[in-house]
Amino acid sequence: MANERVPPGSQTSLREANRARIVTAVQQRGSITQVELAALTGLSAATISNIVKELTQAGVLSTTPTSRSGRRASLVTLARNLGLLAGVHFGERSMRVALGDVTQRVLAEQRLPLPPEHRADSGLDRAAMLVEEMVDSLGATPGEVLALGVGVPAPVDVRTGRVSGVGILRGWDDVDVPDVLGRRLGVPVEIDNDANLGALAEVRLGAARGRRHVAYVRSSHGVGLGLVLDGRIHHGRAGAAGELGHVVVDEAGEPCRCGNVGCLETVIGSTAVVRRLEDRHHLALRDLVVRARDGDEASSAVVADVGHRLGTAMAVVCTLLDPEVVVVGGELVHAGEILLGPLRRAIVERAVETTAGPVEVVASALGDQAEVRGALALAVDVAQVAAPVTAGAR
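Residues numbered from 1 in each chain as written. Predicted model: local features only at pLDDT ≥ 70, side-chain atom pairs only at ≥ 80, totals over all residues. Heavy atoms only, no water.

What to know about the sheet that holds strand E7 (residues 145-152)
In a beta sheet, neighbouring strands are held together by backbone hydrogen bonds and run either parallel or antiparallel to one another.
Here's step 1: Strand order in the open sheet made by the five strands is E6-E5-E4-E7-E10, with mixed pairing throughout. The sheet is open, and its two edges are formed by strand E6 (106-113) and strand E10 (189-193), each paired on a single side. Strand-to-strand twist of the sheet, defined as the mean angle between neighbouring strand axes without regard to direction, takes the value 15°.
Here's step 2: Where strand E4 (residues 84-90) and E7 come together, six bridges link them in parallel fashion. Looking at the pairing, His89 lines up with Gly151 of E7.
Here's step 3: Relative to E4, helix H12 (residues 370-383) is tilted by about 135°, and along the sheet it contacts E4, strand E5 (94-101), E6, E7 and E10. (Pairing = 2+ DSSP bridges. Helix = DSSP H or I, 4+ residues; strand = E, 2+ residues; numbered from the N terminus. Axes fitted to C-alpha atoms, helices over the stretch in contact; angles between N-to-C directions. Contact = heavy atoms within 4.5 Å.)

Here it is as structure tokens:
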């Protein structure tokens, strides 16, 4: 037990360790009673009470009265200080919502499945309701939410907040997302392409921290590319910069949802990838990754081929833009070197060689959270709150 007798010389370090355990527990749970804290950490009720009181006075924690099973209790949360931020990521098949404080610590997070070709009206309504429910679950009020960041898998004209890609995300064309969610939630809302937000998160919090020229490529149900050039996200004229999945690679190929034929997405998107396996019935992309990691030769061959084809496309990006690092995210990156090895080799073989050597290729440090963490980072910028450079560790 953490409250057992210890030599006097180690009392300070023990107390600091206990404080850290309590903060970590509250951070991971979002909100928790002191009784639940004692059960989770193994610390005595007296130790919990004393440390919570200290951290509350220091502005680290906040307590509010509540009840559990009809009995009075004290609910402990991280101090929100300046307020809360919300981030929403609409993926091709799911929606992820996160609430964080101004240091981008995630206080609560939820993920919901979405039907294929989900529509904007129902999706935005679900997002708004979920944000409201999560704020309430933290014991907060809607007025504490400072801003909301949103990511979608389609081009976005960030000057207007409208989805600018025609046909790429059906039912979302020209939708003014900030207006819809802003009126519903009463907060400033900013929107961007999800791969752009993945790039933003990796630069601020993840594998590309400190880099100024970054390419973040997302290989999942579709293919997305976020570009950070000289420290800033590159959007292009109408937000369509980085639509790597809709570059034509086979003029005699399959029709693409964007209206073109033979786009990269029709070759290495989830539908095309799963189709290559004979027992593809009800096979999800994550199942393919698991099979590959477990040594299934057919699945490994498919994933490796995706890595090669994606690397061939990224070699063009590297030749044109010369990034410092390529960060790979999305569902397929969970296959590790089965995907990354062929991807690296294709870039080395096909990109222009320089005295700086091959571009570094690394897996996303934030994993499936990259895009929603980028949405939180976008909310920080909208709220004009400066996040510490060390923020975001979980």
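Thoughts on the nonpolar core
Here's step 1: Counting 38 residues, the largest nonpolar core has Val217, Leu244, Leu310, Met314, Val326 and Val328 as the members making the most contacts within it.
Here's step 2: Of all the secondary structure elements, the ones that give two or more residues to this core are strand E11 (214-219), strand E12 (223-229), helix H7 (264-268), helix H8 (270-275), helix H9 (285-293), helix H10 (297-321), strand E14 (325-329) and helix H11 (337-350).
Here's step 3: No other element matches H10, which puts nine residues into this core.
Here's step 4: In contact with Val328, other than residues within four places in its own chain, are Val217, Val333, Leu339, Leu340, Leu343, Val361, Val362, Ala363 and Ser364.
Here's step 5: In terms of nonpolar packing, the next biggest core, distinct from the first, is built from 37 residues, Ala86, Ala108, Leu124 and Leu185 among them. (Core = buried A, V, L, I, M, F, W, Y, C linked by side-chain atoms within 4.5 Å. Buried < 20%, exposed > 50% of the residue type's maximum accessible area, 1.4 Å probe, protein only.)

Quick word on empty space enclosed by the protein
Here's step 1: If you walk through the whole model with that rule in mind, you get one cavity of 30 Å³ or more.
Here's step 2: For the largest cavity, the calculated volume is near 130 Å³.
Here's step 3: If you trace the largest cavity, you find 16 residues lining it, with Glu92, Pro153, Asp194, Val223 and Gly224 closest to the centre.
Here's step 4: When residues of the lining of the largest cavity are traced back to their parent elements, those giving at least two are helix H6 (194-205) and E12.
Here's step 5: Broken down by element, the lining of the largest cavity gets its largest block of residues, three residues, from E12.
Here's step 6: Taken together, the residues of the lining of the largest cavity sort by class into six nonpolar, four polar and six charged. (1 Å grid on protein atoms, 1.4 Å probe; cavity = no way out; pocket = protein on both sides within 12 Å on 5 of 7 lines; lining within 4 Å. Points joined across faces, edges and corners; volume = space filled by probe spheres on them. Nonpolar A, V, L, I, M, F, W, Y, C, P; charged D, E, K, R; others polar.)

Quick word on the confidence of the model for the protein
Here's step 1: With 92% of its residues at a pLDDT of at least 70, the protein reaches an overall mean of 89.
Here's step 2: Here residues 1-6 scores under 50 on pLDDT; set against residues more than four positions off or in separate chains, the count is 10 contacts.
Here's step 3: Below a pLDDT of 50 lies the segment residues 385-394, which in the model reaches 24 contacts outside its immediate sequence neighbourhood of four places, other chains included. (pLDDT = per-residue confidence, 0-100.)

A word on the packing of helix H4 (residues 120-137) against helix H5 (residues 177-185)
Here's step 1: Relative to each other, H4 and H5 sit at 40°, their axes nearing to 10 Å. In this structure, H4 crosses over H5, and the sense of that crossing is right-handed. Facing H4, whose interface residues are Leu124, Asp125, Ala128, Met129, Val131 and Glu132, H5 presents Val177, Val180, Leu181, Arg184 and Leu185.
Here's step 2: Partitioned by chemical class, the residues of the contact of H4 with H5 number eight nonpolar, no polar and three charged. (Left-handed = near helix turned anticlockwise from the far one by under 90°.)

What to know about the sheet that holds E14
Here's step 1: The strand order across the open sheet formed by five strands is E13-E12-E11-E14-E15, and the pairing between neighbours is mixed. Across the chains shown, the open sheet's two edge strands, defined by having one partner strand only, are strand E13 (232-233) and strand E15 (360-363).
Here's step 2: Where E11 meets E14, five bridges bridge the pair, whose relative direction is parallel. The residue of E14 that forms the bridge with Ala215 is Val326.
Here's step 3: Across the sheet, H11 is in contact with E14 and E15; its angle to E15 comes to roughly 160°.

Digging into a nonpolar patch on the surface
Here's step 1: On the surface, Val316, Leu320 and Leu321 cluster together into a nonpolar patch covering about 290 Å² of accessible area.
Here's step 2: With respect to the helices and strands, the residue Leu320 is situated in helix H10.
Here's step 3: Since its relative accessible area comes to 67%, Leu320 is described here as exposed. (Patch = residues over 30% accessible without salt bridge, like charges linked within 9 Å, V, L, I, M, F, W, Y side chains within 5 Å. Areas by Shrake-Rupley, 256 points an atom, 1.4 Å probe, with all protein chains shown as cover. Salt bridge = Lys/Arg side-chain N within 4 Å of Asp/Glu carboxyl O.)

Side note on helix H3 (residues 45-57)
Here's step 1: Its 13 residues give H3 an end-to-end C-alpha distance of 18 Å, which sits within 8% of 18 Å, the value for a rise of 1.5 Å per residue.
Here's step 2: Buried within H3 are the following residues: Thr47, Ile48, Ile51, Val52 and Leu55. One side of H3 carries all its buried residues, which in axial view fall inside an arc of 120°. Looking at H3, the residues exposed on the side facing more than 90 degrees away from the buried face are Ala45 and Gln57.
Here's step 3: A positive phi of about 85° marks Gly59, the residue just after H3. (Expected span 1.5 Å × (residues − 1). Arc of directions from axis to C-beta.)

Regarding the environment of Arg111
Here's step 1: Among the secondary structure elements, Arg111 is positioned in strand E6.
Here's step 2: In sequence terms Arg111 and Arg309 are 198 residues apart; their C-alpha atoms lie 30 Å from each other.
Here's step 3: Residues in contact with Arg111, not counting those within four places in the same chain, are Ser94, Met95, Arg96 and Arg286.

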